[in-house]
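# Structure assessment
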Amino acid sequence: LSHDGVPFLMHDNTLRRTTDVEKLFPERVGQDSSMFNWTDLQALNAGQWFLKDDPFWTASSLSEADWALAGNQSVCTLSEVLQLAKNSSKSILFNVRRPPLEHPHRESWINVTLHTVLQSGIQQQHVMWTPDTDRQLVRQMAPGFQQTSAVKKSVKILQEEGIVRLNLRYNQVSTQEIRGSREGNVSLTLFTVSEPWLYSVLWCSGVQSVTSDAPHILRKLPYPIWLMPPEEYKLLWIAADVISFIVIIGVFVLQKWRLGSIRSYNPEQIMLSAAVRRSSRDVNIMKEKLIFSEMNNGLGSAEELSLCSENGYEGYTNEAITPRDQQHHARMQPNYAQKTPCILQDH
């Protein structure tokens, strides 16, 4: 309810998200929407946000005329939407929010809303009444309303209270509860369902109706997009598990077979394998080097060996040389002026 008692439609508590209140009333951006007079609410633009945010990816499909119409929308009154439902012979479901404590219609909000509905001339059976407050009074003044509860209760309690419809979030009920409500003649409406797969699942579960943000999508589904009996689903589930198990075991066996075919190598074999791309002469020199290195290791020597050649390996020399051997060493030492030395230290 507005501050002066006009029922209007607004999903949020404030006007920030869906109107240009920041532009017209910047000092009242965070104020409750019920604290605005109807004249102030009428001055707000409630359509530009839709074209800007495009929440349902449909704005691009609008014609120029529809684009202009959508961008020039104002806050809608309850009387206007009731008249729309009346002219199209549609049922209407709406929640009623009690105004804040400081609101002048804090205690009379039910009476004001009920009076607005009755004054619209809509057929009573097309109205789904949700507030629990003063429900007995509403029954007396409008016995044709479909009494609807937004609170989850057992079918027995709903029958005792004369409630014929439940309006709940889609994840609040199980398949058994859906069947129980049908058996107890309690219609079930679930919100908010906008995905075709979820719509199909609830359809197959026996739900009578849903509230959706995407009616332009759901109305195109003449039947559930995927329907599978429980037995077929269990068979598919078991088959998928068995196939997955076989694939995992197969990969394990293949890996085991591949690892089993790899022999163990000593360092000499690994080093020789690394030199397979070299010439046979280089490989023979490396073999001699490895044998010589192994002999030195056996004698406990800590000598360093070097191989130097044009290809990286062309002869070797004992680096541990005594002074008396220096002359002989000089005669045996290759010319390194044009060759790059390569040191292979024996560990």
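Just so you know, these numbers come straight off a predicted model, no measurement behind them. (Residues numbered from 1 in each chain as written. Predicted model: local features only at pLDDT ≥ 70, side-chain atom pairs only at ≥ 80, totals over all residues. Heavy atoms only, no water.)

## Structural notes on the overall build of the protein
Filter applied, for reference: For helices the rule is a DSSP run of H or I covering at least 4 residues; for strands it is a run of E covering at least 2, with both sets numbered from the N terminus onward. Under the scheme applied here, a residue whose accessible area is under 20% of the maximum for its type counts as buried, over 50% as exposed, and between as partly exposed, the area being computed with a 1.4 Å probe on protein chains only. To be clear on the numbers: accessible area is Shrake-Rupley with a 1.4 Å probe, and residue cover counts the displayed protein chains and nothing else.
Within the protein, the regular secondary structure consists of 15 helices and 9 strands. Put simply, the protein has 347 residues, and 31% of those count as buried. Total accessible area computed for the protein in this model is approximately 23100 Å², and 55% of it derives from carbon and sulfur atoms.

## Focus: the layout of surface pockets
For clarity, the cut-off: Points on a 1 Å grid over protein atoms alone make up a cavity when a 1.4 Å probe fits among them but cannot get out, and a pocket when they form an open set with protein on both sides within 12 Å along at least five of seven lines; lining residues each have an atom within 4 Å of a point. Grid points are joined across faces, edges and corners, and a volume is the space filled by probe spheres set on the points.
Of the volumes computed, that of the second largest pocket is approximately 460 Å³. Around the second largest pocket, the lining is made up of 14 residues, and of these Val201, Cys204, Ser205, Leu227 and Met228 lie nearest the centre. Every element with two or more residues in the lining of the second largest pocket is listed here: helix H9 (175–183), helix H10 (196–205) and helix H12 (230–260). Here the lining of the second largest pocket takes 5 residues from H10, the largest share from any one element.

## With respect to the UniProt feature "transmembrane region" (unreviewed entry) in the protein
Going by this rule: UniProt positions are given in the numbering used here, feature names are shortened, and annotations may be inferred rather than shown by experiment.
Residues given the UniProt feature "transmembrane region" (unreviewed entry) here are residues 235–254. Strand forms 0% of residues 235–254 and helix 100%; the C-alpha atoms that close the span are 29 Å apart.

## Looking at the pairing of strand E3 (residues 146–149)
We apply this condition: For two strands to be treated as a pair, DSSP must find no fewer than two bridges joining them. By convention, a crossover is right-handed whenever its connection, traced from the first strand over the helix to the second and viewed with the strands pointing away, goes clockwise.
What you see with E3 is no split at all: Gln146 and Thr148 on one side and Gln147 and Ser149 on the other are buried throughout. Note that strand E2 (residues 127–129) and E3 share 2 bridges and pair parallel. Within E3, the residue paired with methionine 128 across the bridge is glutamine 146. Viewed along the sheet, the connection from E2 through helix H7 (residues 135–141) into E3 turns out right-handed. Note that E3 and strand E4 (residues 165–169) share 2 bridges and pair parallel. When the bridges of E4 are listed, serine 149 appears paired with leucine 166. Chirality of the crossover, the property in question, places the unit of E3, helix H8 (residues 155–160) and E4 among those that are right-handed.

## Structural notes on the nonpolar core
To be explicit about the condition: Within this scheme, the nonpolar core is defined by two criteria: the residues are buried Ala, Val, Leu, Ile, Met, Phe, Trp, Tyr or Cys, and they are joined through side-chain atoms within 4.5 Å. The contact rule is simple, with two residues in contact once any of their heavy atoms fall within 4.5 Å.
Judged by nonpolar contacts, the single largest core of 18 residues is most densely connected at Ile92, Val117, Ile122, Val127, Trp129 and Phe145. Listing elements by their share of this core, those giving two or more residues are helix H5 (78–88), strand E1 (92–94), helix H6 (109–120) and E2. Per-element tally for this core: the top contributor is H6, with 5 residues. Look past the residues within four positions of isoleucine 122 in its chain and what remains in contact with it is Leu82, Ala85, Lys86, Lys90, Ile92, Val117 and Val127. One finds Leu166, Leu188, Val193 and Leu218 within the second-largest nonpolar core, a separate group that totals 16 residues.

## Section: the packing of aromatic side chains
For the record, the criterion: Note on ring pairs: Phe, Tyr and Trp rings are taken, using the six-membered ring of Trp, and paired if centres are within 6.5 Å. Classes follow the plane angle, with under 30 degrees stacked, over 60 edge-to-face and the rest tilted. Our definition puts a charge over a ring when NZ of Lys or CZ of Arg is within 6 Å of the ring centre and also within 35 degrees of the ring normal.
The full count for this structure, using the stated rule, is 7 aromatic pairs. An angle of 55° between the planes, with centres 5.6 Å apart, marks the rings of tyrosine 199 and tryptophan 203 as tilted. Of this pair, tyrosine 199 and tryptophan 203 both sit in helix H10, separated by 4 residues, roughly a single helical turn. In this structure, arginine 17 is placed above the aromatic ring of tryptophan 49, and the distance from its NZ or CZ to the ring centre is 5.4 Å. A cation over an aromatic ring shows up here: arginine 28 above the ring of phenylalanine 25, its NZ or CZ 5.8 Å from the ring centre.

## Brief notes about the pattern of salt bridges
Quick note on the threshold: Definition used for salt bridges: Asp or Glu carboxyl oxygen within 4 Å of a side-chain nitrogen of Lys or Arg.
The full count for this structure, using the stated rule, is 8 salt bridges. For glutamate 107, the salt bridge identified is with arginine 98, shortest N-O distance 3.1 Å. For arginine 98, a relative accessible area of 34% translates into the label partly exposed. Two residues, arginine 135 and aspartate 132, come together in a salt bridge whose shortest N-O distance is 2.5 Å. Overall, arginine 135 belongs to the buried group, its relative accessible area being 7%.

## With respect to unusual backbone geometry
Omega for the peptide link from phenylalanine 191 to threonine 192 comes to -20°, which places this bond in the cis form. Assignment of secondary structure puts threonine 192 in the loop between strand E5 (187–191) and H10. Of note in this structure, tryptophan 57 is not a glycine but carries a positive phi near 55°. Structurally, tryptophan 57 can be placed in the loop between helix H3 (48–53) and helix H4 (64–70). Judged by relative accessible area, which is 74%, tryptophan 57 ranks as exposed.

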